[in-house]
Amino acid sequence: FEAEHPGVNVVLNFAGTSTLRTQIEQGAPADVFASANQSHMDRAVQTGLIEGLPRVFATNRLVVIAPADSTLVDFLADLAKPGVLLILAAPEVPVGAYARTAINRMSTSGQFGDNFETKSLANLVSNEPNVRALIGKIALGEADAAIAYATDVTPDIAASVRTIAIPDEFNVVATYPIAAVSDSPNPEAAVAFLDFVTGTVGRGIMSKHGFRPVP
């Protein structure tokens, strides 16, 4: 984007979506807001923080991750085993909400034994502020399992973790919307950035890094 727009410097600020929305609500300067779920974007729209209509720029899926050198969790049903140390993102963080929905779907199916949801959440030892914290703890072997986005298993940590697929019937499609902030100091650049991210080149970049296409 910077190559196509000389003189524009893109400054990125990454954090859990709830944290980013709160920062904007409290007056932090921003031109564009990208959310990891629709509900936080909807709240931003309702409070007048967003200019124009949000656009979905990518989708994602969930996976269970475990330390590479551990065999305590090999199957989804193992999340409910006594003694398993499970970590999730906090419920207000999109991936944390998605994870709990997936666990509920698995439990409702009856395929993972009685009270799967109750037993799995009884193993929960930590609610992390963002998915990066989840990945770090699993890579270091500080917990036995976590639920993260498929795209979080990046090349730099792939050798440190194992992934366990979550079938589509239990999985959650994470939808990522992006929009211009209403009091953006650079409104024209903000719209140009949105066009780039949601255009052919932007989608190609997202696909390269494992994100799924927009329906």
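Each remark here, short or long, concerns the structure printed above.
Just so we're clear, the structure is a prediction, and the values are computed from it rather than from any experiment. (Residues numbered from 1 in each chain as written. Predicted model: local features only at pLDDT ≥ 70, side-chain atom pairs only at ≥ 80, totals over all residues. Heavy atoms only, no water.)

### Here's the deal with the pairing of strand β6 (residues 145–149)
Move 1: The buried fraction of β6 amounts to 5 of the 5 residues, a majority that puts the element mostly inside the structure.
Move 2: As judged from the 4 bridges shared by strand β3 (residues 62–67) and β6, these two strands associate in the antiparallel manner. In the sheet register, Val-64 faces β6, and the bridge partner there is Ile-147.
Move 3: By the bridge criterion, 2 bridges tie strand β4 (residues 86–89) to β6 in an arrangement that is parallel. Looking across to β6, one finds that Leu-86 is bridged to Ala-145. (Buried < 20%, exposed > 50% of the residue type's maximum accessible area, 1.4 Å probe, protein only. Helix = DSSP H or I, 4+ residues; strand = E, 2+ residues; numbered from the N terminus. Pairing = 2+ DSSP bridges.)

### Digging into the sheet that holds β3
Move 1: The 5 strands lie next to each other as β5-β4-β6-β3-β7, forming an open sheet whose pairing is mixed. Each of the sheet's edge strands pairs with one partner strand only, and the pair in question is β5 (124–128) and β7 (161–165). Each strand of the sheet is rotated relative to its neighbour by a mean of 30°, with strand direction disregarded.
Move 2: Of the strands in this sheet, β3, β4, β5 and β6 touch helix α3 (residues 94–109), which is tilted by about 115° from β6.
Move 3: Packed on one face of the sheet, helix α5 (residues 131–139) meets β3, β4, β5, β6 and β7 and runs near 140° to β6. (Axes fitted to C-alpha atoms, helices over the stretch in contact; angles between N-to-C directions. Contact = heavy atoms within 4.5 Å.)

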